[in-house]
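Architecture and fold: a report
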Amino acid sequence: MRVRYLPLLATMTVFAALFVTGGVFYKHFFTTLVLGHILADNAFIIIAAIGTTFVILSGGIDLSIGSMIGFVGVVMANLDAAGWHPLASAALMLAFGLAYGAFQGFVIDFCKVQPFIITLAGLFLLRGACFMVNIDSVPLRHPFVDAFADLYIPFPTGGFLTSSAMVMLAALAAAVVIAHFTRFGAKVYAIGGDPASAELMGVPARRTIVSVYALGGFYSALGGVIYALYTSSGYPLAGTGNELSAIAAVVLGGTLLSGGVGLVAGTLFGGMILGLISTLINFNGSLNSAWIMISGGALLFVFIVIQKLLVSSFGLGRAS
Amino acid sequence: MSVNQTIEVAPAPRTLGTRLRGLAGHRAVWPLLALALILAVNGLVSPGFFSIRVVEGRFFGSTIDILYRAMPTAMVALGMAVVIGSKGIDLSVGAIIAICGATIAWRIHAGDPHVVVLLWALGAGLLCGLWNGALVALLGIQPIVATLVLMVSGRGIGLMINLIYGGTNPSFESPFLQSLSVGHVGLIPTRLLLGAASFAALWLLLRRTALGLFIEAVGGNARAADLAGIGSRLVTYSAYLISGLTAGWAGVILTADTHISDPVSQGLYIELDAILAVVIGGGSLAGGRIHLGMTVIGTLIIQALATLILTSGVPPEYNLVVKAVVVLAVLLLQSDDARAALTRRNRARGSLGGGSPGGGSPGGGSPKGGRRR
């Protein structure tokens, strides 16, 4: 058992424990139906969080995710009204996400300003752009949207894997390959671990940073596409605050915010834990949204402390 | 402000050209120019912008209004400046405001005297600061993650406090608290006086005791500060206490203004405005510097810009976009690298040791401007 897998193991254990707890307390909780719903409901946020994982692994942060999800939805809805096929507008928005992320990455590296500030400006810019496109919720009416929603693989015991969950799993698989089996992935880990020595080793800082944010932008745009198809509408306030959920999912997944340490796969379980908490609270019925926020924060706290202990007792983060 | 004056003395008088160039490198110049420019455009767009009248026994006018609206954000930003000076960040200030608002409504419903309610609210802010400080200074957790915990859960805690006595967004009446927020003493709005007093108190605390120096030392290099005998933990802790207290104070002003506890939307995104104010004012997230005066200037820039967007007839939908563009422009102007690239293209490349986005980059930008000469 290698040390780098310990946080992932902790995340998976917590997920399994929460799921079993739910099954003990509530009838029909421990079923593939609930699991399928959690996957489907949180697919967009997990996709966006996967992109964020790369950004955080490189030692940066991206706050523009939520606005990107809103913006992609609004533009897709408007293009839908103009007669575009959703796949065409999706392709356009993915390209936009890539370019927008690259732009953010370039400014970050060029100005040597903290990514926090630049992507914060990016958050404002995209959210403002949402309102400029339109201020109402616009439906996506193309028949493809319904066809996409009806596409699913049934599980043996009544559950099903929806199309958005399938896209999410495919995106995850691609991300795992990028992170662990390409040169680019190694460069991201190197820059996140120690930027100075990475540069001395010949890792091109600017190109890597720009690519990381471009990848982050691409994944959050993909999250936006899935969100728009899943809700079959574009709403300018969609995705507000989702950047925090995404960052929380990454942290819960065992990635250190200081960069260089973590696994992309952990983010899947981090996002699923967040989804599981709100499902549990919905099942209870007597608890309100205040509990979702508080338990999210409490869980974050527990995980941070666990990570802290792991780092100090195993020397994780010294070398990856 | 005090720092500006000490730096101003340094160079011997030379030709006008070198003087101007020296001035351009001063960190206070660009934010002040930006503020002057925004105010000037404001004056062009709305003719009566700079006029100040007396209405209902108090000063009234757009410039007063900007100060009035900026005050709570300025309070939060001042605390944020201290935390950022310690190489930290406090994402939870908006949530602290929500908790304070809920505490105020709760204690007023419980029948406490309203002066005691004020202490409760400030105490709640301090308690939040204690929590954040414990995570950062005692457990050694990265500030951005540590304060994320309270940011995520704080608004939930506010909702829970409201639920103690069964209210959703309970309203309250408190002549005392409202007089602090929306009242006026003589011709001047009370909150401006309180803001000035708080600024003075914070300035005295940081600049007339060694605390400010200690925080900057720890923010600049915690290890070196530790070796120099400064207990870096306690000093870091104090930064988060100050931030909790100023956020609580802003929470009192904001809640007394609306006299309703609305944890979901109260002070939403104020942490972002506060961080922006610090950065626009020339603070570096890399830590080691506290610019209280420039932070207030940064807040005023943000507020003056918001007023400009409202009065200039630009649809309010464009508000965020304009804000983002201005922020990017100010950051580009402040960035040494960007300025160098604009003037001399060949110098922009080839500087070794840059390219660290995570905050480790030594050339954090603006603060160097003041020291270089």
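Residues numbered from 1 in each chain as written. Chains lettered and ligands numbered in written order. Predicted model: local features only at pLDDT ≥ 70, side-chain atom pairs only at ≥ 80, totals over all residues.

1. A few points about the overall build of chain B
Per the secondary structure count, chain B includes 17 helices and four strands. Per-residue burial for chain B yields a buried fraction of 51% across its 373 residues. Look at the contacts in chain B between residues 6 or more apart in sequence, and 77% of them connect residues 24 or more apart. (Helix = DSSP H or I, 4+ residues; strand = E, 2+ residues; numbered from the N terminus. Buried ≥ 20, exposed ≤ 12 C-beta atoms within 10 Å, placed from the backbone. Contact = placed C-beta atoms within 7 Å.)

2. Some points on the packing of helix H13 (residues 270-280) of chain B against helix H14 (residues 292-311) of chain B
If you want to describe how two helices pack, look at the angle between their axes and the distance between the axes. Residue and element names in this part refer to chain B. Taken N-terminus to C-terminus, the directions of H13 and H14 make an angle of 120°; their axes are 7 Å apart at the nearest point. Viewed along their axes, H13 and H14 adopt a mutual orientation that is oblique. Where H13 crosses over H14, the handedness of that crossing is right-handed. Along the contact surface, H13 presents Asp 273, Leu 276, Ala 277, Val 278 and Ile 280, while H14 presents Thr 295, Gly 298, Thr 299, Ile 301 and Ile 302. Taken together, the residues of the contact of H13 with H14 sort by class into six nonpolar, three polar and one charged. (Axes fitted to C-alpha atoms, helices over the stretch in contact; angles between N-to-C directions. Parallel < 35°, antiparallel > 145°, perpendicular 65-115°, else oblique. Left-handed = near helix turned anticlockwise from the far one by under 90°. Nonpolar A, V, L, I, M, F, W, Y, C, P; charged D, E, K, R; others polar.)

3. Considering the interface of chain A and chain B
The interface of chain A with chain B comprises 46 residues on the first partner and 44 residues on the second. Where the side of chain A that touches chain B is concerned, the elements lending two or more residues are helix H4 (86-111), helix H5 (115-133), helix H9 (195-200), helix H10 (205-231), helix H11 (242-252) and helix H13 (289-314) of chain A. Across the side of chain A that touches chain B, the residue classes tally to 32 nonpolar, eight polar and six charged.

4. A short note on helix H12 (residues 232-258) of chain B
All names here are of chain B. The first and last C-alpha atoms of H12 sit 39 Å apart over 27 residues, in line with the 39 Å expected at 1.5 Å per residue. The buried fraction of H12 amounts to 23 of the 27 residues, a majority that puts the element mostly inside the structure. Note on H12: the residue one or two positions beyond its end, His 259, has a positive phi of about 25°. (Expected span 1.5 Å × (residues − 1).)

5. A few points about helix H12 (residues 264-284) of chain A
Residues and elements named next belong to chain A. Between the first and last C-alpha of H12 there are 31 Å, a value that for 21 residues agrees with the 30 Å anticipated at 1.5 Å per step. With 15 of 21 residues buried, H12 lies mostly within the body of the structure. Phi turns positive, to about 85°, at Gly 285, one or two residues after H12.

6. So, the environment of Glu 56 of chain B
Positionally, Glu 56 of chain B belongs in the loop between strand S1 (53-55) and strand S2 (58-60). Sequence spacing of Glu 56 of chain B and Gly 88 of chain B is 32 residues, and the spatial spacing of their C-alpha atoms is 44 Å.

7. Quick notes on the UniProt feature "transmembrane region" (unreviewed entry) in chain A
Residues and elements named next belong to chain A. Annotation from UniProt places "transmembrane region" (unreviewed entry) at residues 6-26, 38-61, 81-103, 115-135, 155-179, 210-230, 250-277 and 289-310. Annotated as residues 38-61, this span is 83% helix and 0% strand, and its ends, taken at the C-alpha atoms, are 26 Å apart. The distance separating the terminal C-alpha atoms of residues 289-310 is 32 Å; by composition the span is 100% helix and 0% strand. (UniProt positions renumbered as here; feature names shortened; annotations may be inferred.)

8. Details of the environment of Gly 22 of chain A
All names here are of chain A. Counting through the fold element by element, Gly 22 comes out in helix H1 (residues 6-25). Linking Gly 22 and Leu 280, residues 258 residues apart in sequence, is a C-alpha distance of 6.4 Å. Among all residues touching Gly 22, those that are not within four sequence positions of it are Phe 29, Phe 30, Leu 280 and Phe 283.

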